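# Coordinate analysis (summary)
Each chain, written out:
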Amino acid sequence: MSKALIAGINQVATDKGLDREVIFEAIEAALVSAYKRNYGPVANVTAQVDRVNGEMRIFTEREVVEDIYNERTEILESEAKKYVPTAKLGDVIAVPNTPADFGRIAAQTAKQVILQRIREAERDTVFENFAHRVGEVITAQVRSIDTLSGAVSLMLDDKHECLMMREDQIPTEKLRRGDYVKVYVVDVHKSTRGPVIKISRTHRNLLRRLMEQEIPEVRDGKVEIKSIAREPGHRSKVAVQATIPGLDAVGSCVGLRGLRIQNIVNELAGEKIDVVEWDTNLAHYISNALSPAKVQAVLLDESGAIKTATVVVPDRQLSLAIGKEGQNARLAAKLTGWRIDIKSDSEARAEGLDRIIADRAQEAAIKATEDLLAKAERILRSEGEEMEDRLFQAAQAMRSGDEIEAPELPLGEFKSFEELLAEVSQEEPARSFGESEFFIEEMGAAMPGLQPGAPEWPTLPLEEESPPGEPSFVEESVESKTPARPAAPTEPVKETPGELPDVITADMLRARMAERKKFTFSEADFEVPAELLAGYEEDDSLEDEIFGAGGKGKGKGKGKGKQAPKGKPKKPTGRRPWEDDDY
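Residues numbered from 1 in each chain as written. Predicted model: local features only at pLDDT ≥ 70, side-chain atom pairs only at ≥ 80, totals over all residues. Heavy atoms only, no water.

### Structural notes on the overall build of the protein chain
Selection rule: In this text, helices come from DSSP runs of H or I with a minimum length of four residues, and strands from runs of E with a minimum of two, each type numbered from the N-terminal end. Per-residue accessibility, obtained with a 1.4 Å probe over protein chains only, is compared with the maximum for each type, and a residue is labelled buried under 20%, exposed over 50%, and partly exposed between these values. Any two residues whose heavy atoms approach within 4.5 Å at even a single point are treated as in contact. Per-residue and other accessible areas follow the Shrake-Rupley method at a 1.4 Å probe size, with only the shown protein chains counted as cover for residues.
Counting its secondary structure elements, the protein chain contains 19 helices and 15 strands. By residue count, 28% of the 583 residues in the protein chain fall in the buried class. Contacts spanning at least 24 positions in sequence make up 57% of the contacts within the protein chain whose residues lie at least 6 apart. Accessible surface, the protein chain as shown: approximately 41500 Å² in total, 52% of it carbon and sulfur.

Now the structure itself:
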């Protein structure tokens, strides 16, 4: 009997998912209840079941006295020392008092107590298993369907049975016995009949959890779900935002060829899902929420108790923006939290909304410009008064056309180009073209900041001779503006008007350009000799005669020989024997 009892306890613990100690405690409580049922309400009665061999014993607490007045609660000192050798008067000891038979009524009472304790332990286990799973998605199997109430009995984790009401089911979905579905755990609480687990397939967070399971970017936090609006079984809208720059949030959720979102659609019984991009700009966000309709303008009104957004769409897309039975506009309002009033382009113009939109756009542009100017002013003022002085000097120099003083370079002190030329001309005589290499080396030694990789002066092209009618420029006017160089030891080279000087400075180039701007030329300023024009006119007349006669085709001796002969139709060639189809 004891081995069968231990085997039964192990089997019940495995089937119910309970601990063996819970069942042993239930049996001990049942023994105490049966003892009191059979022998009256005796205080301080305890039961003990051996965990190894299954032996059951009952103990009653008695007081050690000299004379016995109540045998159920008192015991003599001599009898007490048989159970506890150290017992003395006044002590309370546990005396074994296991009856041989409890009787039928006591056994029935023990059975009920055991079943009740096991049932309570099972409810506590269910509550502990699902209390921390609120807000998660679990897989359940359909056990039965009530045709009258529409409630569906589901088996959770193949152990616990739960009831899903009709309002928590997708209206367009038809479940069958044995189907596996994913449900969202809404709440778990205790009641007089045990723990209550509320599950749903219409909750909007079910869509959120399914997207986390199917989309790695959402699960890793790279894409954040900002808001969800759902009409179960028909259509849903999800607003997403990328937390990493450069990541396409909508494309990550949709997947390649819509594979990711299609798995979620199949799980929700064909419910359509629109994924839109969340934006901090409310006007852009509302425009995205109304997709696939194209929005022309959005007017926001936050003055009233209810935030209202007036949206203007093209006339041909008014029905698309509203949706079937207002579904698209309703979902967009739930997604954004704004009341949306949709108007067509013609209606908006009739009500004068186009003027309001234009005025607000102009105000926004002015405000943006002012903000930009204020920002630029703050940046300039942060540089200090020195930067303001530099900018003022640069502006004055640009207006007057003067040179702008460049800041000193930190590499060292540099001499001007004229000073270097003066020093070289004093030290050495005028150099010929073959001595240019030594001249460059000495120039590099004289300029400490000049590096081998520094940019070289560009080679200036030689000026072409001016036409007969064009006035020639005299270099004296240019030289008058350049600073005078000290005389060289050798005789200076005389410059002719048709040649360039040895050294050309920036001032000389500016002066030359200024002189050229004073003159304007036209075709009348140029005279062509008559000898050249005579040959040119004869060639033109000869060319006109040739091409004119050939083009018209009416010349007597000219043009006829140049006409292409008329083509004759070619005779069809016969087929060769080896090209016959029947061969």
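From this point on, the discussion continues.
### Some thoughts on the pairing of strand β4 (residues 92-96)
Put simply, the rule reads: Note on pairing: DSSP must find at least two bridges between two strands before they are called paired.
Only one face of β4 is covered, namely the one carrying I93 and V95; the face carrying V92, A94 and P96 has none of its residues buried. Relative to β4, strand β2 (residues 56-65) runs antiparallel, the two sharing five bridges. Across the sheet, residue F59 finds its bridge partner in β4, namely P96.

### Some points on the sheet that holds strand β10 (residues 223-231)
The condition is simple: Fitted lines through C-alpha atoms serve as axes, helices being fitted only where they are in contact, and the angles separating the N-to-C directions of these axes extend from 0 to 180 degrees.
As summarised here, the arrangement of the three strands in space is β10-β11-β12, forming an open sheet in which the pairing is mixed. If you trace the sheet from one side to the other, it starts and ends with β10 and β12 (272-277), each paired once. The average undirected angle you get between the axes of adjacent strands in this sheet is 20°. Where helix α11 (residues 327-336) meets the sheet, its contacts fall on β10, β11 (235-242) and β12, and the angle it forms with β10 comes to roughly 135°.

### Considerations on the side chain of E231
You can see E231 is positioned in strand β10. Residue classification places E231 among the buried residues on the basis of a relative accessible area of 12%. When neighbours within four sequence positions are excluded, E231 is seen to be in contact with S236, E271, Q327, R330, L331 and K334.

### Some points on unusual backbone geometry
Here the bond from S291 into P292 is cis, since omega is 15°, no more than 30 degrees from zero. Along the chain, P292 falls in the loop between α9 (282-289) and β13 (297-301). A positive phi is found at R257, a non-glycine position, where the angle reads about 55°. Counting through the fold element by element, R257 comes out in the loop between α7 (249-254) and α8 (259-267). The backbone of A269 sits at a positive phi, close to 60°, despite the residue not being glycine. Examined against the element boundaries, A269 turns out to sit in the loop between α8 and β12.

Shape descriptors only; they carry no functional weight alone.
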